[in-house]
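Descriptive analysis of the structure
Residue strings, one per chain:
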Amino acid sequence: MKVSWKTVLLWSLPFLVIGFFLWQSFLTPSNNDLNNNVASSRMTYGRFLEYLDMGWVKRVDLYDNGHTAIVEALGPELGNRVQKIRVELPPNAPELITKLRKAQIDIDAHPIKDNNAIWNLLGNVFFPIVFLGGLVLLFRRSGNASGGPGQAMSFGKSKALFQMEAKTGIVFNDVAGVDEAKEEFEEVVTFLKQPDSFTAVGAKIPKGVLLVGPPGTGKTLLAKAIAGEASVPFFSISGSEFVEMFVGVGASRVRDLFKKAKENAPCIVFIDEIDAVGRQRGTGVGGGNDEREQTLNQLLTEMDGFEGNTGVIVIAATNRADILDSALLRPGRFDRQVSVDVPDLNGRLAILKVHTKNKKMASNVSIKTIARRTPGFSGADLANLLNEAAILTVRRQKDAISINEVDASIDRVVAGMEGTPLTNSKSKRLIAYHEVGHAIVGTLLEDHDEVQKVTLIPRGQAKGLTWFIPGDDQSLVSRAQIKARIMGALGGRAAEEVVFGSTEVTTGASNDLQQVTSMARQMVTRFGMSSIGPLSLESEDSNPFLGRGMNSSSEYSDEVAIKIDRQVYQIVSECHEKVLRIIEDNRVVIDRLVDLLIEEETIDGEVLAQIISEYTSIPQKQAYIKLI
Ligand code: ADP
Ligand code: MG
Ligand code: ZN
């Protein structure tokens, strides 16, 4: 780079200016007296005149154009020590000087020194110079043929926002419950280890693999495991990291990332949250996003640019493949999609096994029970759950994690923090009836999940809770099961009605009723489980640019809408009738259970079933049988 004399001059000027002023201020050190040297005490002008008359004043220093005086005085009031006192002088006090001279007091005047001068000058001269200098530099850069326009704004240049791990230390055995995905990836590992065996037969190596699945299901973990198994470096960056305020930064980051990756091939490049850059171009509320599109284009270019056998494999993760730009999914880019789902019962079992390996578990802990109690938990949820249980164990000063700690942690994760129980009162009784209502309906319906426990200890928003052990296959639910769930959810309100009368029912059931309505509505509009017939009238949210559940586009006529409402109403009222009957028929055991619940605050599922079975027969649980 050639340095012109102009640049040198421009850049040295500010330093010269600063130097000059610093030097100036050192030349006149006494000027600082007014601010630094002055005693903390002050006195009024009148008092000063009195001091003068008493002959206590020894010396006067005038500052600030004669507006301020520092008076050195000595007197009994001052403890017979010479003290410096600050006095503000009135604007016109010419007679003062005469008086002072007459009293033969030492006077000295100091020139004004405006401390702000430096700052004023800095503001007026220094900053414009820096600014101009900066501009000159920018133009010089962009003038260079090598840079091109993209480099002009190089202040946004990427600062290596991707991470590089030489060894991830994670192997396939650390990832559980996602066997299909693992199989798919074993092939990738083979390629990374022995690329020649593939190229020998003319097989093209996949460049990109897209991992699709909800958060916490182990996508990042899988990608790391591939790198770990093949013992190649792991580069990772998050899609959101690409999208910056300045146009062009994202693209330059992509360039940097791939440059580094190629230097370190064979390796894995992991792009997390690729939907942040990779969503369909030219769409979106409020027009497209230039920066994002540029970044995406750069990514596509890079992926096309490197040949299949350079040994760089790009793995991207997203939880929404449906909104990705179709160009990304074309062959030669992310041509393989691997979905990683929330684990089922066996998956949870496997994941729990992995995560209990390095924890001290008491012998009464059955991993199977934990797995059964945690439907819908992702791998990350399970890992977190066990960690919570471990922390709780330490807090309880035990030396191994027992089922109590695990249970408490599950309750907390699912329903929130434990609150303090209500004191004995009418509302406690009402809540007890409400919960026992859920429990008895749940117990007596063949298709309902088994009751795990009933409790009056509040958690989160709930004042009391009835826990169920969910059946295994939550993805395939029969009509009878949904109906049973609707009835179970209605059990609380129904018990309130029967016991306290319809005028005394409370708002406590509002959440139950929401669930009831939504389940009944889905039976009609999504699952074809009503007399309207097997029609899908509403679909789950499909518009990626509105949040989930905001889909209100109806795919039916007004006439059908009325039919739907009628069907929903019919389902719910039918269930309600049945539930009322169950409550009325079992009033005796309900009263007994409520008394017990108020006394003990929690009733275990087994105790509950035992007591109920003394009064009536409990059907074999369908959902439960499947499990064993
Ligand atoms: P994602 O990237 O899908 O959001 P992660 O891979 O970051 O999820 O998972 C977070 C953590 O959860 C992991 O570090 C691991 O401890 C745990 N985890 C998630 N899925 C699994 C799994 N399938 N097997 C074992 N552990 C898992
Ligand atoms: Mg992740
Ligand atoms: Zn309820």
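Rules used in this analysis
Residues numbered from 1 in each chain as written. Chains lettered and ligands numbered in written order. Predicted model: local features only at pLDDT ≥ 70, side-chain atom pairs only at ≥ 80, totals over all residues. Heavy atoms only, no water. UniProt positions renumbered as here; feature names shortened; annotations may be inferred. Pairing = 2+ DSSP bridges. Helix = DSSP H or I, 4+ residues; strand = E, 2+ residues; numbered from the N terminus. Buried < 20%, exposed > 50% of the residue type's maximum accessible area, 1.4 Å probe, protein only. Phe/Tyr/Trp six-rings, centres within 6.5 Å; stacked < 30°, edge-to-face > 60°. Donors = N, O, S within 2.8 Å, 3.2 Å for Na, K, Ca; no water.

Naming follows an unreviewed UniProt entry, where the protein appears as ATP-dependent zinc metalloprotease FtsH of Palmaria decipiens. Entered under Subunit (unreviewed entry) in the UniProt record, the comment concerning the protein runs "Homohexamer." According to UniProt, the comment filed for the protein under the heading Function (unreviewed entry) is "Acts as a processive, ATP-dependent zinc metallopeptidase."

With that settled, the discussion passes to the sheet that holds strand 2 (residues 57-63). Taken in spatial order, the five strands make up an open sheet running 1-4-3-2-5, and their pairing is mixed. Among the strands making up the open sheet, the edge pair consists of strand 1 (42-43) and strand 5 (106-109). Across six bridges, the pairing between strand 2 and strand 3 (residues 68-73) is antiparallel. Considered in strand 3, the bridge of R59 is made with E72.

In this section: the pairing of strand 2. Of all seven residues that make up strand 2, five are buried, and the element is covered over most of its length. The antiparallel pairing of strand 2 with strand 3 creates a hairpin that spans four residues between the two strands, and D64 there sits at a positive phi of about 55 degrees. Judged from the four bridges that link them, strand 2 and strand 5 form a sheet pairing that is parallel. Opposite L62, over in strand 5, you have A109 as the bridge partner.

With that settled, the discussion passes to the packing of aromatic side chains. In total, this model carries four aromatic pairs according to the counting rule given. On the basis of an interplanar angle of 80 degrees and a centroid distance of 5.1 Å, the ring pair of Y51 and W56 is categorised as edge-to-face. The exposure class assigned to W56 is buried, which follows from its relative accessible area of 14%. Ring plane angle 25 degrees and centroid distance 5.8 Å describe the contact between F234 and F270, whose orientation is recorded as stacked. Within this pair, whereas F234 is found in strand 8 (residues 234-238), its partner F270 is found in strand 9 (residues 267-272), the two being separated by 36 residues in sequence. Note on F234: relative accessible area 1%, which makes it buried.

Our focus in this paragraph is the coordination of the zinc ion (ligand 3). At 2.0 to 2.1 Å from the zinc ion (ligand 3) lie its protein donor atoms, namely H434 (NE2), H438 (NE2) and D512 (OD). Mapping the donors of the zinc ion (ligand 3) onto the primary sequence yields the spacing H-x3-H-x73-D. A residue pair is termed long-range when its members are at least 10 positions apart, and H434 in helix 17 (residues 426-444) and D512 in helix 19 (residues 510-525) qualify at 78 residues.

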